[in-house]
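Architecture and fold: a report
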Amino acid sequence: MSKSENPNEFYDKLKTQLYDTTVWPSEYLYKFIVKSDPKKIAEIEGIFNDLGAVISTQPSKNGKYTSISISVKLKDPETVIEKYKEVTENIEGVISL
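So, here is what we can say about the structure in this document. All figures in this text were calculated on a predicted structure; none of them were measured in a lab.

Section: the packing of aromatic side chains
Per the stated rule, a full pass over the model turns up eight aromatic pairs. Ring geometry for Tyr-30 against Phe-48: centres 4.9 Å apart, planes inclined by 55 degrees, an arrangement best described as tilted. One end of the pair, Tyr-30, is in strand 1 (residues 26-35); the other, Phe-48, is in helix 2 (residues 38-48), with 18 residues separating them in the sequence. Owing to a relative accessible area of 0%, Tyr-30 belongs among the buried residues under this scheme. Summarising the aromatic geometry, the rings of Tyr-30 and Tyr-84 are spaced 4.8 Å apart at their centres and angled 65 degrees between planes, so their arrangement reads as edge-to-face. Highlighted residues: Tyr-30 in strand 1 and Tyr-84 in helix 3 (residues 77-90), separated in sequence by 54 residues. In this pair, the class of Tyr-30 matches that of Tyr-84, namely buried. An aromatic cluster of three or more residues is present, and its members are Tyr-28, Tyr-30, Phe-32, Phe-48 and Tyr-84. Sitting above the plane of the Phe-48 ring, Lys-83 keeps its charged end 5.9 Å from the centroid.

This is the structure:
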């Protein structure tokens, strides 16, 4: 989501695209970038732990940031968006890709 884009418009557009392009339930791949803070990484992982998610992390070349990829089977686009909101509302400085 770009900084100038309204979050509600972004999520509405994403929901429409997900319904148009995917049969639900389906696997969804989240990608986040955060500063390499073990606490923040653990908090993001905790949001998805109870869903049977496959989580992988990759530090940046200089180690300042960490990329987090999360693959998880979800029931519908609303659930995808709920998780995006949960991460962005609870983890300061996270970038959603």
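More follows now that the structure is in view.
Some thoughts on the pairing of strand 3 (residues 65-74)
Judged from the ten bridges that link them, strand 1 and strand 3 form a sheet pairing that is antiparallel. When the bridges of strand 3 are listed, Lys-35 appears paired with Tyr-65. The pairing of strand 2 (residues 54-59) with strand 3 spans six bridges and is classified as antiparallel. The residue of strand 3 that forms the bridge with Pro-59 is Thr-66. Hairpin connection, strand 2 to strand 3: the antiparallel pair is bridged by five residues, and Gly-63 has positive phi, about 80 degrees.

Things to note about the sheet that holds strand 2
The strand order across the open sheet formed by four strands is 2-3-1-4, and the pairing between neighbours is antiparallel. A single partner strand is all that each edge strand has here, and the edge strands are strand 2 and strand 4 (95-96). Lying over the sheet, helix 2 contacts strand 1, strand 2 and strand 3, oriented at roughly 5 degrees with respect to strand 3.

Comments concerning the nonpolar core
Counting residues in hydrophobic clusters, the biggest one holds 22 residues, and the most contacted among them are Tyr-30, Phe-32, Ile-44 and Phe-48. When contributions to this core are tallied by element, the ones reaching two or more residues are helix 1 (7-21), strand 1, helix 2, strand 3 and helix 3. Once residues lying within four places of it in the same chain are set aside, the contact partners of Phe-32 are Ile-44, Phe-48, Thr-66, Ser-67, Ile-68, Ile-70, Tyr-84, Val-87, Val-94, Ile-95 and Ser-96.

Calculation rules
- Residues numbered from 1 in each chain as written.
- Predicted model: local features only at pLDDT ≥ 70, side-chain atom pairs only at ≥ 80, totals over all residues.
- Heavy atoms only, no water.
- Phe/Tyr/Trp six-rings, centres within 6.5 Å; stacked < 30°, edge-to-face > 60°.
- Helix = DSSP H or I, 4+ residues; strand = E, 2+ residues; numbered from the N terminus.
- Buried < 20%, exposed > 50% of the residue type's maximum accessible area, 1.4 Å probe, protein only.
- Lys NZ or Arg CZ within 6 Å of the ring centre and 35° of its normal.
- Pairing = 2+ DSSP bridges.
- Contact = heavy atoms within 4.5 Å.
- Axes fitted to C-alpha atoms, helices over the stretch in contact; angles between N-to-C directions.
- Core = buried A, V, L, I, M, F, W, Y, C linked by side-chain atoms within 4.5 Å.

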